Structure formats: C-alpha cells, structure tokens
Amino acid sequence: MKALFQRGRKNTVLSILISLVLMISVFVVYLPGKNGPFLADDFPNILDNNSIQMHSLSYSELSAAWNANNSSGPLKRSLASLSFALNYYLSDQQFNPISFRITNVLIHAVNAILLFFCVRSLICAHDKTAPAQALAFWSALIWALHPLQLTSVLYVVQRMNSLACFFMLLGFLVFLKGRMHLDKPGSYFLIWAGTLGGVIIGGMCKENALLLPLLIFVSEVTFLPSVNCSSMRGRLFAYYAITVVIPVLTVIGYYSIFPQYLLQGYTIRNFTLTERLLTEARVLFYYLRLLFYPDNSELSLAHDDFLVSRGLLSPKNTLLAVIGVFFLIGIAIKNTVRKGNAFISFSVLWFFVGHLMESSVFPLELIYEHRNYIPSIGVVIGFVLTAYKLVESRVSKQLINGFYISIAISLAFATYTRAAVWSNTNSFTYFEVRNHPESMRANSAYAKNLELRIGANPESYSYLTKSSQLDLFEISTLIDMFIELNSFIHSSDLPKLSENVGLPSRYDDPLVLNRGYIESLMRLVNDEIIRRLSDKTFSLRTMTSIRSASNCLIDQHQMCQGMGPNLLQWIDGAINQRGFSHVPMMYLIQAKVNFFMGNQEKAWDGLNQAISLYPTWMYLRAEKAHLYIVLNDLDKAEQTLQEAEALGVANGHDLKEFQKLREIISSLSSSSKGG
C-alpha cells in the first residue's frame, strides 16, 4: 500500500513537471509574436465591434458581449466573444494586442497539457506495457510546437478555434475518466457530462465542437478496450446511438430532403459542390504534407492561390488525391475491423473526421491552416506511437527520446521563426506575399501596408493591380485601386495629359503618373467593378469593401473625396446582383451615402427598404435612430428605439447600442434645454 502511494505521488509530481515544461515551451516559442498586429477578421469580430468594448461587469455589458458576434456562425460563438470582451476590459479597456495574444498562447499551452492527459489515458487503456507518460508528453509537445498551429494562436480571432478545442479536450478527458471505469458508480454520468459539456460549451466557441462525439467514437473503435459485460455494453451502444448514429443520420437525411440549404451557399463561390469535394481531396494531402514537412516558406495566413479542381484530371493530381483519400480511409476501417495497427487507424480516422465540417460539403472557403488544429492531434499521436512501436525492440530508450527531442527542437525553431515574422505588419505582409506571390489576399495586404507607410505610390498600386487580376470574382482590390488613383488625383500635383502619353485601354494597364491618364484609368476601373457586380462576386467581401469605402467618404478622408456617385453605382450593382446575400446592408449603406450627399429623401427610402427586408435586425433600427439624432429630431429617434424594443427580439448587444443612443439623446436634450 505504501509503495502504491509513493508511486502515485511520484506520478503526480512528474505530471506537474511535464505540464510546466509544456507551458514554458509554448510560451518561449510564441514570445516573439506577442506584439503582432490585429489582422483581417480581427477587425469586424473584435476591434470594430462595439459590444466587445466592455466597460463594466454589469449584466447589460456582459449580455452585450455574449451577443457580440451573432453573425459569426450558426451557434453565435458567444463564449469566445465574451472572452474577447474580458480581454478588453482587463487591458485598461484598450485593444492591447499583447493581452489578446498572451491569452491565446495560454489557451494553447493549456490545450497541450490537456492533450498530454488525454493521450496518457488512451495509451494506458490500449497498451499497459508502453511508457504512457513519455509518449503522451512527446505527443503533446510535438503537437503544441508545430508551426502549423500558429494561426490558431497568433491570429487573435482564431481563439474561437483554440477555445473550442479546449472544451473538447476537457470533455474528452472527462469521458475517458468514466469510460475506463465503467464498473464504478457515476461512470456513465462522466461519459455523458464530458460529451455534452464538450459539445455544448465548445460549440459556444466554434461549431467544430459538434464533432466531439465522432472523435470519441474513433477512439472507441481503435484504442479503447472492448466491454465484456452485456449490460455495460448495452448502455455504451445506447450512448453511441444517441450521440453518433442518430445525429449523423439526421444531418444526412436533412440535407438529402432539403439540398437547397446546402447548395445555395455555392451561389457566392467560384466553385461548385463537386469541385469543392475534388479540391478538398488535394487540400487534405496538402495539410498532411505540411504536418510532416512544415516548410515556413509555404505556411501562410492566405492560401487563396490554391488551384481549384475543375475535374478528376484538372489538375492531374486530383484523381490520385481522391483515390488516396478512399485508400487511407479503407485501410483504417479494415485495420479497425481486424483489430490491427490501432495507432495508424486512429491517426487516419481522427484526421478525416476532424476535417468533416470544414473540408467536406459545406460551402466554406477552400483552405486555412487553422482547420488542422484539432485534426492534427490524431496525426501527431499516430506518428509518435507508430515510431515507438517500430523501434522499441531495436534501439535504446535514450535514442528514441533523442529522436523525439530532435523533432521537437526543429519544430520549435520553425515556430519561433514564424512567430517573429508575425511580430509586426511589415514583416508579416512581406513574407506573406513572398511565400505566396499568386495570392490575391497577400498582394492586397502588402499593397495596403505599403500605402499606409508611405502614401499612394506606384509600387503599392502594382500589387493591387496584380491582386485584381488573380481573382475575377473579387471587387475589393478594384475598390482599393480606385481609392488609390483618387488619392493620386487629390494629393499630387500631376501634369495634364501630354501628347506623348496615350490613354489606358484596360483597367489593369500600368500606372502612369499623369492626371488625364489616371482619370481615364479610374473610369476603366469603375467599369470593371460594375461588370463584376453584374456577374457574381463574394457577397461578404463585396459588402465589407463597399462599406469601408463609404465610411472613408463619410469620414471625409481626402483619398475618398468625390467618390459618392461611384459608390452609389456599386451599391446598385450589388443590390441587383442575383443571389447577393447582404441586400439589407447594402440599402443601409446606400442610405448613409445619400444622407451624406444631401439626398435625404432617397436616404430614408433606402433605410426603410432595408428594414422592410429584415424587420427584426435591430442594427438597422439603431441606424435609423442615429440618423434622426443627426437631424436633431430627438423625439423620432426615441420613437424608433421604442418601436424596435416593442418587437421583443433585441438581445444584449442591441440593448447596449440602444442605451448609447439614448445617452446621446439625453445629452442633446439637456444641452437644448440649457441653451
């Protein structure tokens, strides 16, 4: 008994030491990236989101933060939004990138620790002779230090991803605690609590958490020992029937009966469902290559340069990739049925199941590195355990550990180097475009950063031009081109057109610093924007870029001076585009531009049209009240707010906006009475 107690105490101390090593290792490799800038989706989800700016811990403020990102996903991702708001509140109510990133790094480090305990439990359940503690440590360390995880850590908004993983791993660990002790009281409670807790709480961070029961099932059929007792086995079958079989059949049945809910999302994409599936076969093997050979010159936030598969032989490796996917899954299933090569089966099935939501039929963008955060767990575990099994009887433990150490060090160096690149906007945009010169987004980001540093210049314009050529369904870079040309016109002393300077014939002709040439080029760029809008563009990015340009005009930035008529043309083009999914917002933007230009009657028509299309969207009614405030019609502003509240659908985020507007109304009313 005493020996058992001492052994347990020794294991506890060792577990604590391993946890500290994991924590320190993660913080060391990510330390260079702590000062990096906010990027891309950080702005709409965090910086430009008023409800994230929490100024107290009152119920109303917490409720607003909880509802801050209602459009982020089907499950609203409320818990992730609340964490962003708490970051803001605890950082002296500022958007301090260090605070946000340190929180992300901490979550990643804790995930590594949770993974260690999960892997240790799995190994103990499968093979009691294996050095579970050591193999679990190497699995967790290699996974945590892999540079492919960086976008889930330093890209602040992807806390949604890492936080969902945290609750999934925690739920998985609780499940394993119950599953390995089915003969003890409360075991089934732990099984259900871990599963439901991981799914529900994790789902409040990101929808990927819904995959937890499927991942648990993968562990069940590969790693976990069979159950001999018939009553226990029956309860376990019932558990998997409820958590796996019924939900999977329900989803398949739903989309079989109502395929339009799946297919309508492809109207805004430049690929079909079939093309997406063919492309994702290649994407999955691309992910695997990056996992086994993480070349920093390929890793990037933007992978929009990945070629779409238009057929089984276009490109030629598509067919091989499709065959490869079916081959790997088939081998894994065969091994599972025959109870052989459990590590490989687990690795393959976990990887593919982990990608079911973001790399299958749903009309999402094709490729992002952060999608590997959870699926890569299976690959790393499978690699570590398979490597150990292959050499355990041939080499010493020191040599095996040396092998794992060399891998961990090389991965740590790669991640440390990449984190340093992410430490400032200049290095980040430079390496993005250097690593992916055919990426529309990388070229655009580099151009914008260059313009921000030195103003409108020919080099940044050339990168915008290239960006516009790379994606013919995109207008955001065309709008940036138009704004930069407009900036040249209004901020430079350009000569008039001389005899030896011809006029451009295409929107993407090279820039010539000549007033007449630039004015002609602006007309061509404007025509290209309208042409693309008449065909098909990406609704969200179209809306975002037009709204940004409209704000630039309304805020009276010199670079957007005189762009009102062009903006109204673009807005009309978006509204009239077939299948455009942000029409109410476009009417609102149209109203604000018309209001700025003095066309009040048209402004009210546009705003009322937006509300009629989406009467329960409180943001539109708040904007209407705001316009009344600008006109100093405070009674109608208050009436608008009361009408909105009477609908009974306002959430905490909406009520916070209403309260801000009422504070302005009260202030203006007091000033008026005082005067």
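Structure's up top.
Because the structure is predicted, anything quoted here is derived from the model rather than measured. (Residues numbered from 1 in each chain as written. Predicted model: local features only at pLDDT ≥ 70, side-chain atom pairs only at ≥ 80, totals over all residues. Heavy atoms only, no water.)

Colleague: What exactly am I supposed to notice about the overall build of the chain here?
Modeller: Counting its secondary structure elements, the chain contains 29 helices and zero strands. Relative to the globule expectation of 26 Å for 675 residues, the C-alpha radius of gyration of the chain, 28 Å, shows essentially globular dimensions. Taken along the three principal axes of its C-alpha coordinates, the chain extends 90 × 65 × 50 Å. In the chain, which comprises 675 residues, the share counted as buried stands at 52%. Long-range contacts, defined as pairs at least 24 residues apart, comprise 71% of the intrachain contacts of the chain with a sequence gap of at least 6. Surface exposure of the chain reaches about 30800 Å², of which carbon and sulfur atoms provide 61%. Taken as two groups, the 55 positive and 48 negative side-chain charges of the chain have centres that lie 14 Å from each other. (Helix = DSSP H or I, 4+ residues; strand = E, 2+ residues; numbered from the N terminus. Rg over C-alpha atoms; globule rule 2.2 N^0.38 Å. Buried < 20%, exposed > 50% of the residue type's maximum accessible area, 1.4 Å probe, protein only. Contact = heavy atoms within 4.5 Å. Areas by Shrake-Rupley, 256 points an atom, 1.4 Å probe, with all protein chains shown as cover. Lys, Arg positive; Asp, Glu negative; His and termini not counted. Charge placed at Lys NZ, Arg CZ, Asp CG, Glu CD.)

Colleague: Help me understand a nonpolar patch on the surface in this model?
Modeller: Together, Val 13, Leu 14, Ile 16, Leu 17, Leu 20, Ile 24 and Val 28 give the surface a local cluster of nonpolar side chains, amounting to about 620 Å² of exposed area. Take Ile 16: it is sitting in helix 1 (residues 2-30). (Patch = residues over 30% accessible without salt bridge, like charges linked within 9 Å, V, L, I, M, F, W, Y side chains within 5 Å. Salt bridge = Lys/Arg side-chain N within 4 Å of Asp/Glu carboxyl O.)

Colleague: Would you mind going over the packing of helix 21 (residues 476-491) against helix 22 (residues 515-535) with me for this structure?
Modeller: Any two packed helices are characterised by the angle at which their axes cross and by the distance between the axes. For the pair helix 21 and helix 22, the least separation of the axes is 9 Å and the interaxial angle reads 160°. The orientation of helix 21 with respect to helix 22, classified from their angle, is roughly antiparallel. In the packing of helix 21 onto helix 22, the handedness of the crossing is left-handed. Between helix 21 and helix 22, the residues in contact are Leu 478, Ile 479, Met 481, Phe 482, Leu 485, Asn 486, Phe 488 and Ile 489 and Arg 515, Ile 518, Glu 519, Leu 521, Met 522, Val 525, Asn 526, Glu 528, Ile 529 and Arg 532, respectively. Residues that form the contact of helix 21 with helix 22 fall into these classes: twelve nonpolar, two polar and four charged. (Axes fitted to C-alpha atoms, helices over the stretch in contact; angles between N-to-C directions. Parallel < 35°, antiparallel > 145°, perpendicular 65-115°, else oblique. Left-handed = near helix turned anticlockwise from the far one by under 90°. Nonpolar A, V, L, I, M, F, W, Y, C, P; charged D, E, K, R; others polar.)

Colleague: Which parts of the structure should I look at to understand the state of the cysteines?
Modeller: Working definition of a disulfide: a covalent bond connecting the sulfur atoms of two cysteines. Going through the model one piece at a time under the given rule, you end up with one disulfide. Covalently, Cys 552 is tied to Cys 560 through a disulfide, its sulfur atoms 1.9 Å apart. On the sign convention where negative means left-handed, the S-S torsion of about 95° between Cys 552 and Cys 560 marks this disulfide as right-handed. Comparing Cys 552 with Cys 560, the two get one shared label, buried. (Disulfide = S-S within 2.5 Å.)

Colleague: Can you walk me through the pattern of salt bridges in this structure?
Modeller: Side-chain pairs of opposite charge can arise whenever the charged atoms involved come near each other. If you walk through the whole model with that rule in mind, you get 21 salt bridges. For Glu 61, the salt bridge goes to Lys 656, with nearest N and O atoms at 3.4 Å. With Glu 61 in helix 3 (residues 59-66) and Lys 656 in helix 29 (residues 652-674), the pair connects residues that are 595 residues apart, well separated along the chain. For the residue pair Glu 61 and Lys 656, the accessibility class agrees, reading buried in each case. The shortest N-O distance in the salt bridge between Arg 506 and Asp 508 comes to 2.9 Å. For Arg 506, a relative accessible area of 46% gives the class partly exposed. The class of Asp 508 is buried, set by a relative accessible area of 14%. When salt bridges that share partners are traced, they join Glu 365, Arg 441, Glu 474 and Arg 541 into one network.

Colleague: Would you mind showing me how to read the nonpolar core here?
Modeller: If you look at soluble globular proteins, the nonpolar side chains tend to sit buried side by side. Ranked by internal contacts, the top residues of the largest apolar core, which has 131 residues, are Phe 172, Phe 175, Tyr 404 and Trp 422. With 14 residues, helix 5 (residues 97-126) is the largest single contributor of residues to this core. Those residues in contact with Trp 422, other than ones at most four positions away along the chain, are Gly 36, Pro 37, Leu 39, Leu 150, Thr 151, Leu 154, Tyr 155, Leu 301 and Phe 428. Ranked by size, the runner-up nonpolar core spans 63 residues in total, among them Tyr 507, Cys 560, Ile 589 and Tyr 628. (Core = buried A, V, L, I, M, F, W, Y, C linked by side-chain atoms within 4.5 Å.)

Colleague: Explanation requested: helix 6 (residues 132-145) in the structure shown.
Modeller: Counting along an α-helix, one turn takes 3.6 residues, and residues three or four places apart therefore face a common direction. Here helix 6 is 14 residues long and its end C-alpha atoms lie 20 Å apart, about the 20 Å a rise of 1.5 Å per residue gives. Among the 14 residues that make up helix 6, 13 are buried, leaving the element largely enclosed by the rest of the structure. (Expected span 1.5 Å × (residues − 1).)

Colleague: I'm lost on the packing of aromatic side chains in this one. Help?
Modeller: Given two aromatic rings, one states the distance between the centres and the angle between the planes to describe the pair. Summed over the entire model, instances satisfying the criterion amount to 36 aromatic pairs. Taking the centre distance of 5.3 Å and the plane angle of 35° together, the rings of Tyr 614 and Trp 617 count as tilted. Feature note: the residues Phe 172, Phe 175, Trp 192, Phe 217, Phe 223, Tyr 239, Tyr 240, Phe 343, Phe 346 and Trp 350 constitute an aromatic cluster, connected by ring pairs. The ring of Tyr 188 is capped by Arg 235, whose NZ or CZ atom sits 3.8 Å from the centre of that ring. (Phe/Tyr/Trp six-rings, centres within 6.5 Å; stacked < 30°, edge-to-face > 60°. Lys NZ or Arg CZ within 6 Å of the ring centre and 35° of its normal.)

Colleague: Help me understand unusual backbone geometry, please; the structure alone is not making it clear to me.
Modeller: Where the residue is not glycine, phi is negative for most of them; where a peptide bond is considered, it is trans in most cases. Cis geometry is found at the peptide bond from Ser 314 to Pro 315, where omega equals 0°. A positive phi angle, close to 55°, is found at Asp 92, a residue other than glycine. A relative accessible area of 68% places Asp 92 in the exposed class. At Gln 556, a residue that is not glycine, the phi angle is positive and equals roughly 60°. Looking at the element boundaries, Gln 556 is found in the loop between helix 23 (539-554) and helix 24 (564-575). According to the relative accessible area criterion, Gln 556 is exposed, its value standing at 64%.

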